[in-house]
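Listed here are the chains, written in short residue letters.
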Protein chains: 6
Amino acid sequence: MVSLKGMTDRHDGRAPDQTREVRITRNWLDHAEGSVLVEFGRTRVLCAASFTEGVPRWLKGKGTGWVTAEYAMLPRATNTRSDRESVKGRIGGRTHEISRLIGRSLRAVIDTKALGENTIVLDCDVLQADGGTRTAAITGAYVALVDAIEDARSRGLIAARAQPLTGSVAACSVGVVAGRAVLDLDYPEDSTAETDMNVVMTGDGRFIEVQGTAEGRPFDRDLLDQLLDLAAKGCADLTTRQQAALAAATDGGEVA
Amino acid sequence: MVSLKGMTDRHDGRAPDQTREVRITRNWLDHAEGSVLVEFGRTRVLCAASFTEGVPRWLKGKGTGWVTAEYAMLPRATNTRSDRESVKGRIGGRTHEISRLIGRSLRAVIDTKALGENTIVLDCDVLQADGGTRTAAITGAYVALVDAIEDARSRGLIAARAQPLTGSVAACSVGVVAGRAVLDLDYPEDSTAETDMNVVMTGDGRFIEVQGTAEGRPFDRDLLDQLLDLAAKGCADLTTRQQAALAAATDGGEVA
Amino acid sequence: MVSLKGMTDRHDGRAPDQTREVRITRNWLDHAEGSVLVEFGRTRVLCAASFTEGVPRWLKGKGTGWVTAEYAMLPRATNTRSDRESVKGRIGGRTHEISRLIGRSLRAVIDTKALGENTIVLDCDVLQADGGTRTAAITGAYVALVDAIEDARSRGLIAARAQPLTGSVAACSVGVVAGRAVLDLDYPEDSTAETDMNVVMTGDGRFIEVQGTAEGRPFDRDLLDQLLDLAAKGCADLTTRQQAALAAATDGGEVA
Amino acid sequence: MVSLKGMTDRHDGRAPDQTREVRITRNWLDHAEGSVLVEFGRTRVLCAASFTEGVPRWLKGKGTGWVTAEYAMLPRATNTRSDRESVKGRIGGRTHEISRLIGRSLRAVIDTKALGENTIVLDCDVLQADGGTRTAAITGAYVALVDAIEDARSRGLIAARAQPLTGSVAACSVGVVAGRAVLDLDYPEDSTAETDMNVVMTGDGRFIEVQGTAEGRPFDRDLLDQLLDLAAKGCADLTTRQQAALAAATDGGEVA
Amino acid sequence: MVSLKGMTDRHDGRAPDQTREVRITRNWLDHAEGSVLVEFGRTRVLCAASFTEGVPRWLKGKGTGWVTAEYAMLPRATNTRSDRESVKGRIGGRTHEISRLIGRSLRAVIDTKALGENTIVLDCDVLQADGGTRTAAITGAYVALVDAIEDARSRGLIAARAQPLTGSVAACSVGVVAGRAVLDLDYPEDSTAETDMNVVMTGDGRFIEVQGTAEGRPFDRDLLDQLLDLAAKGCADLTTRQQAALAAATDGGEVA
Amino acid sequence: MVSLKGMTDRHDGRAPDQTREVRITRNWLDHAEGSVLVEFGRTRVLCAASFTEGVPRWLKGKGTGWVTAEYAMLPRATNTRSDRESVKGRIGGRTHEISRLIGRSLRAVIDTKALGENTIVLDCDVLQADGGTRTAAITGAYVALVDAIEDARSRGLIAARAQPLTGSVAACSVGVVAGRAVLDLDYPEDSTAETDMNVVMTGDGRFIEVQGTAEGRPFDRDLLDQLLDLAAKGCADLTTRQQAALAAATDGGEVA
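None of the values given here were measured: they were computed from a predicted structure. (Residues numbered from 1 in each chain as written. Chains lettered and ligands numbered in written order. Predicted model: local features only at pLDDT ≥ 70, side-chain atom pairs only at ≥ 80, totals over all residues. Heavy atoms only, no water.)

### Let's talk about the side chain of Asn118(F)
Put simply, the test is: In DSSP terms, a helix is any run of H or I states spanning at least four residues, a strand is any run of E spanning at least two, and both are numbered starting from the N terminus. Here, two residues are considered to be in contact whenever any of their heavy atoms come within 4.5 Å of each other.
Assignment of secondary structure puts Asn118(F) in strand E5 (residues 118-128). With near-sequence residues (within four places) excluded, Asn118(F) lies in contact with Phe51(F), Thr52(F), Glu53(F), Gly54(F), Val55(F), Gly65(F), Trp66(F), Leu157(F) and Ile158(F).

In C-alpha cells form, the structure reads like this:
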C-alpha cells in the first residue's frame with residue numbers, strides 16, 4: 001500500500017500533500033481584458049482572456065456565449081528546446097488535448113446564457129515548464145476569466161446583474177512517486193511517476209475532470225481513492241489562493 | 001443520489017449495468033498480422049495490428065519494442081457526414097486524443113523488452129459510430145494485438161518463450177443519463193449524459209486510465225464511486241468476451 | 001499477338017474473361033442514405049452515399065444538383081501498412097486521381113437538373129485492397145447512389161417522378177499478364193501486368209472512361225482492341241450483378 | 001455517326017485533323033541541362049530538364065536511374081487568375097494527375113539501367129494555357145529530355161555508348177466538338193467538347209497512354225475508333241516536329 | 001574608402017554604375033490585362049497584372065481599391081533545381097518577403113481612391129534568375145500595372161479621368177563587390193558581395209524602400225552614401241527604360 | 001523640411017531623439033543558456049538563447065557554427081487578439097521576415113569559426129507589443145547571446161580563448177510622425193507614421209541593416225539622412241544599456 005508518511009522527503013523538501021509556492025499576478029498584460037501570470041514553483045504560465053462581442057458561426061442567434069482555450073509552450077520553456085508548432089505547420093496531440101481540457105474545465109462553471117452572445121478566449125502560454133503546466137493554466141485562467149467578465153460588465157457588454165460564472169475552478173496534479181502519493185508534481189517527480197492524475201474541481205469540492213493514467217504499473221482502487229483525497233486537498237488550497245488574488249486590488253498586485 | 005434501480009428503462013431496454021451486444025470477429029482482414037472487427041451494438045470498429053521489424057529512430061539500439069495506435073473515423077460513420085481529416089489537411093484534437101489513449105492503454109500491458117526491437121501499430125478505424133467508439137477500439141485492439149504477437153512468434157520474429165503481454169486490457173464507458181448511472185452509453189445516451197467517463201482496466205481489475213468529465217453539472221465523490229463500480233463490472237464483462245473470442249478457432253470465427 | 005486461349009491458367013484458375021467473385025451487400029451501414037459493401041474477390045470497398053440538401057457555393061441558384069466522390073484506403077488495406085494521408089497532412093496524387101475518376105463516372109449518368117439543388121457525396125473507403133479497387137468502388141458506388149436517390153424520393157426531397165439517373169455505370173480493369181489479355185486483375189496479376197486499362201461503361205455498353213497505360217512495353221492497336229472487347233464483356237457482367245443486387249429486397253440482402 | 005468532313009469549319013479555320021501551329025524552341029534557359037519552350041498555338045509551356053547524379057533513397061544501390069516530372073500553371077496562364085498552389089499550401093488533384101501522366105509517359109521510353117544511378121526531373125510550367133497543356137508538356141519535355149541526356153553524355157556522366165532512350169514520345173488531344181471528331185483542341189473547343197481524349201504515343205506508332213472521358217454523352221466504340229485514328233495522325237505529325245527541332249543546331253534555334 | 005574608379009573591370013566588363021542590358025517586352029501574354037517579360041541581363045521575370053472588380057473582404061464598402069503582388073521562382077530558374085513551394089506545402093520566408101516588398105512598392109504610387117473598388121494582382125514569376133530578381137520584378141511590374149489600368153479604363157471599369165497612378169516606380173540593387181560599389185549585381189557578383197542593398201525609387205527621385213544588409217563586414221555611413229548615390233543613378237536609368245517601353249506601340253513591341 | 005524641434009510634444013512627452021524606458025532583465029528563465037526579458041516601454045519580448053552542440057546537416061564537417069533566430073508573437077500581445085500561426089498551420093510573411101532579420105543581425109557579429117560546430121537559436125517571443133518589437137528583440141537577443149556563449153565557455157563547450165563575438169548589436173526604429181523625425185516609435189506613433197525605418201548597428205557605429213519604407217509619401221534624401229542620424233543616436237543609447245546590463249551581476253539583476 002502506498003503511504004503518505006514515514007518515508008524520505010520529496011527532493012525539494014515538501015510534504016506529500018503540499019503544493020509548490022503558488023503566485024498569481026493579475027493584469028500582467030496591458031491590452032487583455034483579463035490576464036494572469038500564474039506560477040507553480042518554476043512553472044510559469046501567462047493566461048490572457050480576450051473578450052469579444054459575437055460568437056462563432058455555429059452558435060449565432062442562439063443567445064448563448066462561448067468560452068474556449070488555447071494552450072501552447074514557448075520553444076525554450078523546457079529543459080531542451082522544442083521545435084515550434086507554427087514552424088512544423090501542425091499542432092501536436094498533447095497541445096490539442098490540453099487546450100480542450102482547459103476549455104471544458106472553464107465552461108463547466110460558465111452559464112453561457114448569462115454571458116450573452118459574447119466569446120472569451122483563454123490563451124495559456126507556458127513561458128517556463130517544470131511540471132503541472134496544464135493545472136497551473138486552468139488555475140490561472142479562471143482568475144483571468146473573472147477579470148475579463150468584470151471588465152466586460154464595467155463596459156456594459158454584459159448586463160450589470162448577469163452572473164455568467166456559476167462557481168470557481170482550480171486544478172492540480174497528483175501522482176505516485178517513489179511509491180508514495182504526492183501532490184503537485186514538479187518535472188523531476190513527474191518524469192519518474194508511476195501513476196499520474198490531473199484533477200479539476202470546483203471551489204465547492206465537486207469534480208469537473210478526473211484524468212488518471214498508469215505510467216508504469218496499473219493501479220488499484222485503494223490508490224485511486226488516496227489520490228482523489230490528495231487532489232481534493234490540493235484544489236481546495238488553490239481555490240484559497242485564487243480567492244486571495246481576486247480579493248486584492250486589481251492594479252497588478254501579486255499574491256504569493 | 002444517483003440510483004441504479006427503480007427508474008424507467010433505458011431507451012433500448014438494457015439494465016443500467018448491461019453492455020450492448022458485443023461481437024468480436026477475428027481475422028476480418030487477410031493481410032494484417034492481427035485484425036478484429038469489434039461491435040458494441042451498432043458501433044463498429046475495424047482494428048488492424050501491423051507488426052514490423054525495427055523501431056522508430058528515437059528507440060533504435062535500446063533493445064525495446066514499440067506499440068502505438070491510430071484512431072480515425074470514416075466520414076459517414078456518423079449520422080451526418082463529416083469532412084475527411086486527410087482533405088482538411090490536419091488531424092483534429094479529438095482524433096489525436098483518442099489515438100494517444102489507445103496507444104497508452106495497450107502499452108500498459110506490454111513488456112517492450114520482451115517484444116524486442118519490433119513495432120506494432122494498431123489502426124482503429126470506426127466504420128460506424130454509435131457511442132463508445134474509443135472503448136470498443138481499445139477492447140478490439142487488444143485482441144488484434146494478441147493475434148499479431150502470436151503471428152510474429154509463429155514466424156520466429158519474437159522468441160518462442162517471450163511474453164510481451166503482461167495482461168489484458170478492456171475499456172468501457174459509464175455515465176449519468178437521466179439521473180441514473182449507466183454502463184456502455186450508446187449515442188442517444190451519450191449526447192444527453194451529464195457525466196461521461198471512460199475507464200480502461202486490466203483483466204485482473206486494475207486501472208490503466210480513468211477519464212471522467214462533467215458535461216453538465218460537476219459531480220461529487222459518491223457519484224464518482226458509483227461510476228467506478230459500474231466500470232469495473234463492465235470491463236470484467238468485456239474481458240470475458242475477449243477471452244471467449246481468443247479461445248475460439250482463429251479462422252475468422254465470430255463470438256456474439 | 002496476344003491470345004485469350006491455349007495458355008496456362010491464371011494463378012487462381014479463372015478464365016481470361018472471368019471476373020473474380022463479386023459480392024454486393026446493400027445497406028451495410030445504418031446511417032447513410034445509401035451504402036454498399038462491394039467485394040471483387042478479396043478487394044473490399046465500403047461505399048457510402050450521403051444525400052444533403054443544398055449545393056456547393058459555386059452552384060447555388062442554378063437549379064442543378066451535384067454528385068462527387070472521395071476515395072481513400074485504410075492504412076492496412078494493403079499487404080504492408082501505408083501511412084495515413086491525414087497524418088501526412090496531404091492527399092497523394094493517386095488518391096486525388098481516383099476520387100476524380102469516380103465522381104466523373106457517376107456524374108455521367110446523372111441528370112443534375114432532375115436532382116434539384118441537392119448534393120450526393122460518395123465515400124469509397126477501401127477496407128482491403130487486392131487489385132481493382134477503383135473499379136470496385138465505381139461499381140459499388142453506383143448501387144449506393146441508386147439507394148440514396150430512392151431514399152431521398154421516399155422522404156420527399158426529390159420529386160416523385162424525377163429521374164436523376166439516366167443510366168447505370170460499372171467499371172472493370174483489363175490488362176496483359178504473362179502475354180495474355182485478362183479481365184479483372186487481382187494484385188498479383190496487376191503488379192506484373194505489362195499493360196493496364198480501366199474502363200468505365202454504361203449499362204447499355206457505351207464508354208464513359210477509358211484509361212490505358214503501358215506499364216512496360218508500349219502496346220499496339222490490335223491489343224488495345226482486344227482489351228476493349230474484354231472490358232465490354234466485364235462491364236456487362238458487372239451490370240448484371242448490380243441489377244440483381246438492386247432487385248433484391250433492400251434489407252441488407254447480399255448477392256454473391 | 002460522327003464525320004470528319006462536310007461540316008462548317010473549326011473556329012480558327014483548321015481542318016479536323018490539323019494541329020495548331022507548333023513551335024519548339026530549344027535551350028530557352030541558360031542553366032538547365034535541357035530546356036524547351038513548346039507552343040501549341042497560344043498554349044505555351046516551358047519544359048526544363050534537370051539532370052542530377054544519384055537517385056531517390058528507395059532506388060539507391062539498384063543500378064538504375066529515375067525520371068520524373070512536375071507540372072504546374074502560372075496563376076495568370078488562364079483567362080482568369082487562379083490562386084497559387086503554393087499559397088493554398090496544397091497541390092490540386094488535376095496538377096497531381098498531370099504530373100504523374102508526364103512522368104509515366106517519359107519513363108515509357110527510358111531504359112533506367114542505361115541511365116545509371118542518375119535522376120532527371122522534367123519541370124513543365126505552363127506560361128499560357130489555351131487547351132492541350134498536358135500534351136504540349138509531354139511533347140516538349142521529350143525534347144528537353146533528349147538534350148539533358150546528351151549534355152550528361154558530353155560531361156561524362158553517362159557512358160558514351162549508353163542508350164537511355166528506347167524511343168520518342170509525343171502526345172495530342174482529340175475530341176468531339178460540335179458533333180465532329182477533331183485533333184488538338186484549343187480552349188474554346190475543349191470547353192464545349194462532348195468527349196475528350198488524350199493520347200500518348202511512341203514515335204513508331206504504339207500507345208503509351210489512352211485517356212478518354214465522356215464529358216457529356218457516353219461514346220460508342222465507333223467514335224472511339226475514329227478518335228484513336230485521329231490521335232495516331234496527330235502524334236505522327238508531332239513526332240516529325242520533334243525530329244526537326246532536334247536536327248537543328250542546338251544554339252537556341254526555333255522550329256515553327 | 002570604396003572607390004568607383006581605377007580598379008579592374010567587372011567580370012562582364014560593365015562600368016561600376018552601369019546596369020545590365022534591360023529589355024522590357026509588353027503584352028507577352030494574351031490573357032492578362034497587363035503583362036511584361038522583363039530582362040536584366042540573364043534574369044528574366046514574367047510580370048502579369050490581373051485586374052478584377054471588387055476588393056478583399058476587409059476593404060469592402062470603403063470605396064478604395066487594392067494592389068498586391070506575388071513573387072515566385074520556377075524550380076529551374078536557378079543554377080541547381082530547387083523544390084517547388086507548392087510541393088513542400090509552404091512558402092519560404094524569402095518568397096514572402098519579396099512578395100510583400102513588391103506589393104508595398106507599387107502601392108506607394110497608387111491612389112487607391114482613384115482606383116475604385118477594384119483589385120490588381122501582380123504575379124511576378126522568375127523564369128530565370130541571375131541576380132536582381134526582385135528589382136527586375138518591381139521594374140517590370142510597374143509597366144504591367146500601367147497597362148492593366150489603361151485596359152480597365154478602356155473597358156470603362158475605372159473612370160476616364162481617374163488617375164490611380166501618382167508616379168512611377170523602379171528598383172535596382174547596389175552593393176560592394178571586390179571592395180568597390182557597383183550597380184545592378186548579377187549572381188556571380190551578388191554571391192560574393194560584402195554589402196547588398198535594394199533601393200526602390202519613384203520616377204522623380206524619391207525613396208520608397210531602402211534595404212541594405214551587411215553580408216560580411218558592417219558598413220559605415222560614407223559607403224552607405226555612395227551606395228545611395230549609385231542607386232539613384234540606376235533607378236533613373238530604369239525609369240528611362242520604362243518610359244521608352246510605355247511610349248512604344250502596345251502590340252508586343254520590345255525595347256532593348 | 002522635417003524638423004526635430006519647435007513642434008508640439010510627442011503623445012507621451014518624449015523628446016524626438018529619446019527612446020522609451022528600456023529594461024533588460026537577464027536570466028529571466030531557468031533552463032535557457034541565455035535569456036533576457038527586454039522591455040522598450042510597454043513592448044515586452046522574451047529572448048531565449050539555446051546552445052546545442054552540432055550544426056544543421058548542410059553545415060556539417062565545415063568546422064563552423066550557426067546562429068539563427070525565430071520571432072513570434074503571443075496571440076494577445078496586441079490590442080486585439082490574433083489567431084495563432086500554429087493553429088493556422090502556416091507562418092505569416094511578417095513573422096518570416098523578422099525572424100530572418102534577427103538572425104542576420106546577430107550573425108553579423110559572430111565569427112562562426114570561433115563558435116566551432118555549435119548552434120545557437122535565439123527565440124524571441126513577443127509577450128506584449130507596443131511598437132518596435134523587432135528592434136527590442138534584436139537588442140535583447142544580443143544580450144542573451146552573450147550569456148549563452150559565456151555559459152558554453154564555462155562548460156567547456158567552446159574554447160576558453162575563443163572569441164565568437166566580433167562586436168555588439170543593437171537596433172532601433174525611427175520614423176516621421178506628424179511631420180517630425182522621431183526615435184523609437186510606439187504603436188500609436190507607428191500606426192500613423194509616414195515613413196518607418198529600422199536600423200541595426202554595431203556598438204562601434206557601423207550599419208548592419210537599414211530598412212526604410214515610405215508608408216505614405218515617398219521620402220527624399222534629406223529626410224533619409226536625418227533619420228539615419230537619429231538612428232545612430234538611438235543605437236548608441238541602446239548599446240550603453242546593453243553594456244550596463246552585461247556589467248551587472250548575472251543573478252537576474254534588472255537594469256532600468
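### A few points about the UniProt feature "domain: Exoribonuclease phosphorolytic" (unreviewed entry) in chain A
Residues and elements named next belong to chain A. As a reminder of what qualifies: UniProt positions are given in the numbering used here, feature names are shortened, and annotations may be inferred rather than shown by experiment.
Taken from the UniProt record, the annotation "domain: Exoribonuclease phosphorolytic" (unreviewed entry) applies to residues 18-148 and 168-234. From the first C-alpha to the last, residues 18-148 spans 30 Å; its make-up is 30% helix and 32% strand. As annotated, residues 168-234 comprises 27% helix and 43% strand, and the C-alpha atoms at either end are separated by 14 Å.

### Remarks on the sheet that holds strand E8 (residues 195-202) of chain A
Note the cut-off: Strand pairing is defined by DSSP finding a minimum of two bridges between the two strands. Lines fitted to C-alpha atoms define the axes here, with helix axes fitted over just the stretch in contact, and angles between the N-to-C directions of these axes take values from 0 to 180 degrees.
Spatial strand order, E7(A)-E6(A)-E8(A)-E9(A)-E9(B)-E8(B)-E6(B)-E7(B): eight strands in an open sheet with antiparallel pairing. Either end of the sheet is taken by a strand with one partner, and the two such strands are strand E7 (180-183) of chain A together with strand E7 (180-183) of chain B. Sheet twist, expressed as the average angle between the axes of neighbouring strands with direction ignored, equals 15 degrees. In this sheet, strand E9 (residues 207-214) of chain B lies alongside strand E8 (residues 195-202) of chain B in antiparallel orientation, the contact comprising seven bridges.

### A short note on the interface of chain A and chain F
Put simply, the test is: Simply put, the buried area is the total loss of 1.4 Å probe accessible area from both parts when two parts are fitted together. Note on definitions: salt bridges are taken to be side-chain nitrogens of Lys or Arg within 4 Å of carboxyl oxygens of Asp or Glu. Between N or O atoms, a polar contact is any pair within 3.5 Å; within protein, one atom must be a potential hydrogen donor and the other a potential acceptor, and residues adjacent in sequence are included only when both atoms are from side chains.
Counting residues at the interface gives 34 residues for chain A and 34 residues for chain F. Three residues, His31(A), Arg76(A) and Arg84(A), lead the burial of chain A against chain F; their summed loss comes to 24% of the area buried on that side. The tally of links from chain A across to chain F stands at twelve salt bridges. Where Arg84(A) meets Glu70(F), a salt bridge forms, and the shortest distance between an N and an O atom there is 2.8 Å. Our enumeration of links across chain A and chain F arrives at 24 residue pairs in polar contact (both at pLDDT 80 or more). Looking at the side of chain A that touches chain F, the elements with two or more residues in it are strand E3 (43-53), strand E4 (66-73), helix H1 (85-88) and strand E5 (118-128) of chain A. Sort the elements by how many residues they give to the side of chain A that touches chain F and E5(A) lands first, with six residues.

### Some remarks on the pairing of strand E7 (residues 180-183) of chain D
Residue and element names in this part refer to chain D. Convention followed: Throughout, exposure labels follow a simple rule: accessible area from a 1.4 Å probe, protein chains only, divided by the maximum for the residue type, with under 20% read as buried, over 50% as exposed, and the rest as partly exposed.
Every second residue of E7 is oriented toward a common face, with Arg180 and Val182 on one face and Ala181 and Leu183 on the other, all of them buried. Bridge analysis of strand E6 (residues 169-177) against E7 gives four bridges, and the strand direction is antiparallel. By the bridge assignment for E7, valine 174 is matched with leucine 183. Counting the residues that bridge the hairpin from E6 to E7 gives two residues, and of these alanine 178 lies at a positive phi of roughly 50 degrees.

### Remarks on the packing of helix H6 (residues 221-247) of chain A against helix H6 (residues 221-247) of chain B
Quick note on the threshold: Should an angle fall under 35 degrees it is taken as roughly parallel, and over 145 as roughly antiparallel, whereas 65 to 115 is taken as roughly perpendicular and any remaining angle as oblique. Note: crossing handedness is left-handed where the near helix turns anticlockwise from the far helix by less than a right angle, and right-handed where it turns clockwise. All amino acids are sorted into three groups, where Ala, Val, Leu, Ile, Met, Phe, Trp, Tyr, Cys and Pro are nonpolar, Asp, Glu, Lys and Arg are charged, and the leftover types, Gly among them, are polar.
One way to put it is that H6(A) packs onto H6(B) with a least axis distance of 13 Å and a crossing angle of 155 degrees. When the axes of H6(A) and H6(B) are compared, the pair comes out roughly antiparallel. In this structure, H6(A) crosses over H6(B), and the sense of that crossing is right-handed. Within the contact between the two elements, H6(A) uses Arg221(A), Leu224(A), Asp225(A), Leu228(A) and Asp229(A) and H6(B) uses Arg221(B), Leu224(B), Asp225(B), Leu228(B) and Asp229(B). Partitioned by chemical class, the residues of the contact of H6(A) with H6(B) number four nonpolar, no polar and six charged.

### Some words on the sheet that holds E6(D)
Read from one edge to the other, the open sheet built from eight strands follows the order E7(C)-E6(C)-E8(C)-E9(C)-E9(D)-E8(D)-E6(D)-E7(D), with strand pairing classed as antiparallel. Sheet topology places strand E7 (180-183) of chain C together with E7 of chain D at the edges, where each strand pairs with a single neighbour. Across this sheet, the average inter-strand angle for adjacent strands is 15 degrees, counted without regard to direction. Taken together, the five bridges between strand E9 (residues 207-214) of chain C and strand E9 (residues 207-214) of chain D define a ladder with antiparallel strand orientation. Note on E9(D): the bridge partner recorded for Glu209(C) is Thr213(D). Across the face of the sheet, helix H2 (residues 93-107) of chain D comes into contact with E9 of chain C together with E6, strand E8 (195-202) and E9 of chain D while running at roughly 150 degrees to E9(D). Seen against the sheet, helix H6 (residues 221-247) of chain D touches E9 of chain C together with E6, E7, E8 and E9 of chain D and runs at an angle of roughly 140 degrees to E6(D).

### Structural notes on the side chain of Arg44(A)
Of note, Arg44(A) is situated in strand E3. Apart from residues lying up to four places away in sequence, Arg44(A) is in contact with Leu37(A), Val38(A), Glu39(A), Asp125(A), Val126(A), Leu127(A), Gln128(A), Trp28(F) and Asp30(F).

### Concerning the relation of the copies chain A and chain F
We apply this condition: Least-squares superposition of the copies uses the C-alpha atoms of those residues scoring a pLDDT of at least 70 in each of them.
When chain A is fitted to chain F, the residual RMSD is 0.0 Å, and the transformation amounts to a turn of 180 degrees plus an axial shift of 0.0 Å. What the rotation and shift describe, once combined, is the action of a two-fold rotation axis. Across chain A, the rotation axis passes nearest the C-alpha of Ser86(A), at a separation of 1.8 Å. The overlap is high: 100% of the interface residues of chain A also sit at the interface in chain F, so the same surface is used on both sides.

### As for the packing of helix H4 (residues 133-154) of chain D against H6(D)
Residues and elements named next belong to chain D. Following both chains from N to C, one finds H4 and H6 inclined at 30 degrees, their axes separated by 10 Å at the closest point. Put simply, H4 runs roughly parallel to H6. Where H4 crosses over H6, the two elements pack in a sense that is right-handed. Across the interface between the two elements, Thr139, Tyr142, Val143, Val146 and Asp147 of H4 pack against Leu238, Gln242 and Leu246 of H6. Looking at the contact of H4 with H6 residue by residue, the classes come out as five nonpolar, two polar and one charged.

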